[in-house]
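Architecture at a glance
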Amino acid sequence: MAASCVRTVGSFLGKCTKCSSSINTVATQVLLSRQVCVSSALCRKNLAAAGPEKFTLEYIQKQVEEYEIGKRHLANMMGEDSENFTQEDIDKSIAYLFPSSLFEKRARPLMKHPDEIFPKQRAVQWGADGRPFHFLFYTGKQSYYSLMHDLYGKILKIEKHQDRLRAKGLFSQDAQLISLGPSRWLTKEELELLLVETISTHDYDRFIKLMERMLAMPYSSTEEEFVQRYRRQLEAQSMKQMMPPLEKDENGVAFSTAEGRRKTSDSSVILRDCGSGHITINGQDYLQYFPVLQDREQLMFPLQFMGVLGRFNLECTVSGGGRSSQAGALRLAISRALLSFLSEGDGEAMRQAGLLTPDPRVRERKKPGQEGARRKFTWKKR
Amino acid sequence: MAVRALTRGFRYSRAATVASPCGGHHYVTAPSVKPPQPQADDVTEKILNQPLEKPDFFRVAELFSLKDLFDARVHLGHKKGCRHRLMEPYLYGCRLDHDIIDLDQTMEHLQLALNFTAHIAYRGGIILFVSRRRQFGHLVETTAKDCGEYAHTRYWQGGLLTNANIQYGPGVRLPDLIIFLSTLNNVFQQHVGIRDAAKMNIPTVGVVDSNCNPSLVTYPVPGNDDTPAAVELYCRLFKMTINRAKDRRKQMELLHGLSAPTSQTSRYALK
């Protein structure tokens with residue numbers, strides 16, 4: 001539906017009279033009554049072309065002031081000390097005053113410093129006289145190109161250093177290769193965050209290639225600090241196994257306790273280094289509790305894998321779930337308890353065998369419009 | 001340039017009110033505000049007009065000689081087959097299929113170009129160094145950084161000059177002079193910046209080799225743009241002229257008492 005805004009000629013002319021005073025006043029009074037229709041297409045702004053919303057520096061400063069004042073008010077409201085009111089206190093107070101049961105944590109009420117809420121933007125790039133601050137401003141991607149410029153400068157410096165050493169005769173091929181440790185290059189997104197500007201995949205690839213080229217040179221260890229700025233440390237690949245502690249009861253028998261879960265079953269196992277191979281589950285003998293061979297096999301597997309079948313006494317408790325899931329929970333608990341009696345190598349072998357991995361599979365919910373989780377209703381052609 | 005506009009603004013503010021309707025809004029300047037320092041106005045005019053009285057106020061002709069150009073291999077052009085028709089007036093001749101550029105003409109053109117650059121730098125204009133040769137990209141960028149000016153030796157995005165308000169933001173100031181250390185891009189076609197600068201009325205200084213088109217360049221300098229020695233010479237010359245012009249400007253301002261005299265006066269002696 002085309003909404004056309006109607007503007008009178010009078011309003012147009014009224015604005016123009018001041019600029020050109022030569023218009024005949026009589027003529028204007030005659031023309032004032034006529035209506036001119038202007039279509040809304042001319043008035044509509046292209047919202048997409050404006051790009052993401054830009055916040056001025058004054059606006060952000062105002063937000064910061066409001067945040068500080070609001071923080072003090074909140075502290076007074078909660079009866080806390082307004083001087084030492086930390087972000088954690090703010091979060092707790094907001095959660096108390098505005099309880100929300102929304103699942104999406106980001107949709108809940110939030111009170112944080114404006115620097116964390118508003119995305120980082122570039123300040124104005126030029127001074128009062130109009131001269132830009134950065135010497136590569138007119139390229140469009142000043143941070144990225146200045147980074148490439150510095151990197152190339154460092155390569156040239158290393159080459160000059162090598163030439164000087166060669167001239168003195170002290171150059172050696174295998175000297176001081178840079179050691180980076182377990183780390184990876186910054187991803188494209190992280191680099192964009194660092195530079196506060198968007199770069200294309202091609203640019204990112206060129207940057208990585210140039211870095212690799214620098215690292216391949218023999219004397220690049222001088223620039224290690226510069227390189228480390230663009231690398232992230234990798235987390236340890238294998239987490240240290242959480243071993244249950246080895247305790248000694250009053251008879252001097254070593255034992256350890258561990259827990260395990262599978263589907264909806266919870267189990268707890270006490271492994272005693274007695275030497276009899278006796279197993280009790282919920283007060284009952286295991287043959288009675290698990291009549292099926294498959295479940296008993298699940299129980300024995302960790303001990304049989306390690307070859308310690310007759311060594312330990314098991315005192316287990318298990319609840320919830322069905323027959324098979326209880327057996328699985330017990331198996332996990334036994335494997336965990338066994339860790340404290342074994343060496344590092346055996347523990348690694350158990351991890352490789354999959355004995356220490358909790359099984360993440362749970363029952364999938366039924367969806368509306370379907371018979372079950374996956375099964376659909378019978379399709380009828382007509 | 002900005003100072004010029006400022007002084008003009010001072011003058012015209014005494015005139016009758018000027019209203020400019022833009023998009024239906026009204027902007028009216030305040031009536032006759034007396035400028036606070038009438039002496040500053042005259043002094044600035046004097047500072048700006050003084051270099052225009054002499055033909056070579058900054059003595060750029062002293063910076064280089066014909067022998068320097070010859071030693072830097074500036075006279076070596078490309079082969080006869082690569083010759084551009086419009087470069088024929090600038091060539092001295094052709095020896096064994098290699099074009100030789102006339103160094104007498106180069107001397108004149110280089111002097112004009114350096115003089116113009118010095119005047120632009122003296123007036124605080126923005127100078128942009130452009131070159132698309134990968135060999136000399138780092139050198140050109142370092143030169144620009146040392147002068148305190150700007151460089152662009154990377155891929156030229158289409159709307160850098162012509163679409164500047166949208167690319168950089170509203171109110172950006174465009175370069176007042178563009179210096180091309182090589183007028184060709186990586187596919188041996190004329191650099192887009194020459195045409196764009198001509199569109200935006202920005203004067204250009206360009207080193208034109210025997211395979212380049214000198215028509216759109218305001219101050220062409222016929223010379224070799226491939227040899228490292230020649231490009232280093234050009235960079236050194238431009239850097240020296242710009243630094244000289246800026247130091248001269250500071251000296252003039254101190255001389256006429258515009259800015260507070262500091263102990264750094266002795267440091268700004270002509271290099």
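Residues numbered from 1 in each chain as written. Chains lettered and ligands numbered in written order. Predicted model: local features only at pLDDT ≥ 70, side-chain atom pairs only at ≥ 80, totals over all residues. Heavy atoms only, no water.

**Brief notes about the sheet that holds strand β2 (residues 91-95) of chain B**
Residue and element names in this part refer to chain B. Ordered in space as β1-β3-β2, the three strands form an open sheet in which the pairing is antiparallel. Each edge of the open sheet carries a strand with a single partner, namely β1 (76-79) and β2. Taken over all neighbouring pairs, the strand axes of this sheet differ in orientation by 30° on average, direction set aside. With four bridges connecting them, β2 and strand β3 (residues 98-101) associate as antiparallel partners. Within β3, the residue paired with Gly93 across the bridge is Ile100. (Pairing = 2+ DSSP bridges. Helix = DSSP H or I, 4+ residues; strand = E, 2+ residues; numbered from the N terminus. Axes fitted to C-alpha atoms, helices over the stretch in contact; angles between N-to-C directions.)

**Topic: the environment of Ser267(A)**
Relative to the helices and strands, Ser267(A) resides in strand β7 (residues 265-272). In the structure, Ser267(A) is positioned 62 residues away from Ala329(A) in sequence and 5.8 Å away in space, judged by C-alpha atoms.

**Details of a nonpolar patch on the surface**
A contiguous nonpolar patch, built from Met77(A), Tyr96(A), Leu97(A) and Phe98(A) and spanning about 480 Å² of accessible area, is present on the exposed surface. Structurally, Phe98(A) is set in the loop between α5 (87-97) and α6 (114-117). (Patch = residues over 30% accessible without salt bridge, like charges linked within 9 Å, V, L, I, M, F, W, Y side chains within 5 Å. Areas by Shrake-Rupley, 256 points an atom, 1.4 Å probe, with all protein chains shown as cover. Salt bridge = Lys/Arg side-chain N within 4 Å of Asp/Glu carboxyl O.)

**Digging into the packing of aromatic side chains**
Tallying each qualifying case throughout the model produces 18 aromatic pairs over all chains. Between Phe137(A) and Tyr138(A), the aromatic rings sit 5.2 Å apart at their centres with planes inclined by 75°, giving edge-to-face as the arrangement. Neither Phe137(A) nor Tyr138(A) differs from the other in exposure class; each is buried. Clustering of aromatic rings is evident, with ring pairs tying together Trp126(A), Phe137(A), Tyr138(A), Tyr150(B) and Tyr168(B). (Phe/Tyr/Trp six-rings, centres within 6.5 Å; stacked < 30°, edge-to-face > 60°. Buried < 20%, exposed > 50% of the residue type's maximum accessible area, 1.4 Å probe, protein only.)

**A few points about helix α9 (residues 201-216) of chain A**
Residues and elements named next belong to chain A. Here α9 spans 22 Å end to end across 16 residues, near enough to the 22 Å set by a 1.5 Å rise per residue. By the burial criterion, the buried members of α9 are Asp203, Tyr204, Phe207, Ile208, Leu210, Met211, Met214 and Leu215. When α9 is viewed along its axis, its buried side chains cluster within an angular range of 160° and face the same direction. Exposed and facing more than 90 degrees away from the buried side of α9 are His202, Lys209 and Ala216. Against α7 (142-168), β3 (183-185), α8 (188-195), α10 (224-228) and β4 (231-233) lie the buried residues of α9. (Expected span 1.5 Å × (residues − 1). Arc of directions from axis to C-beta. Contact = heavy atoms within 4.5 Å.)

**Considerations on the state of the cysteines**
One pass over the structure, following the stated rule, counts zero disulfides over all chains. As a non-bridged cysteine, Cys147(B) has Cys235(B) as the owner of its nearest cysteine sulfur, 8.8 Å distant. (Disulfide = S-S within 2.5 Å.)

**Details of the side chain of Thr227(B)**
Residues and elements named next belong to chain B. One can find Thr227 in the loop between β8 (219-222) and α8 (228-255). One polar contact links Thr227 to Asn224, side chain to side chain, over a distance of 2.4 Å. Excluding residues within four positions of it along the chain, Thr227 makes contact with Arg73 and Phe136. (Polar contact = N/O pair within 3.5 Å; in protein donor to acceptor, adjacent residues only side chain to side chain.)

**Comments concerning the environment of Ser220(A)**
All names here are of chain A. Structurally, Ser220 can be placed in the loop between α9 and α10. By relative accessible area, which is 0% here, Ser220 ends up buried. Sequence separation between Ser220 and Ile158 is 62 residues, and the spatial gap between their C-alpha atoms is 6.7 Å. Not counting chain neighbours up to four residues away, the residues in contact with Ser220 comprise Ile158, Ile178, Met214 and Leu215.

**Describing the interface of chain B and chain A**
The interface is formed by 31 residues belonging to chain B together with 24 residues belonging to chain A. Of the roughly 2,300 Å² buried between chain B and chain A on both sides combined, carbon and sulfur atoms contribute 59%. Its largest share of buried area at the contact with chain A, chain B owes to His138(B), Tyr150(B) and Arg154(B), together 27% of the area lost on that side. If you look at where chain B meets chain A, you find one salt bridge. (Buried area = accessible area lost by both parts, 1.4 Å probe.)

**Some words on the confidence of the model for chain B**
All names here are of chain B. Residues with a pLDDT of 70 or more make up 81% of chain B, whose mean pLDDT is 85. Long-range and interchain partners of residues 1-24, a stretch whose pLDDT sits below 50, account for 36 contacts in this model, where long-range means more than four residues apart. Note that pLDDT drops below 50 for residues 260-271; the model gives that stretch 16 contacts with residues more than four away or on any other chain. In the predicted complex, the global pTM is 0.67; the interface-specific ipTM is 0.79. (pLDDT = per-residue confidence, 0-100.)

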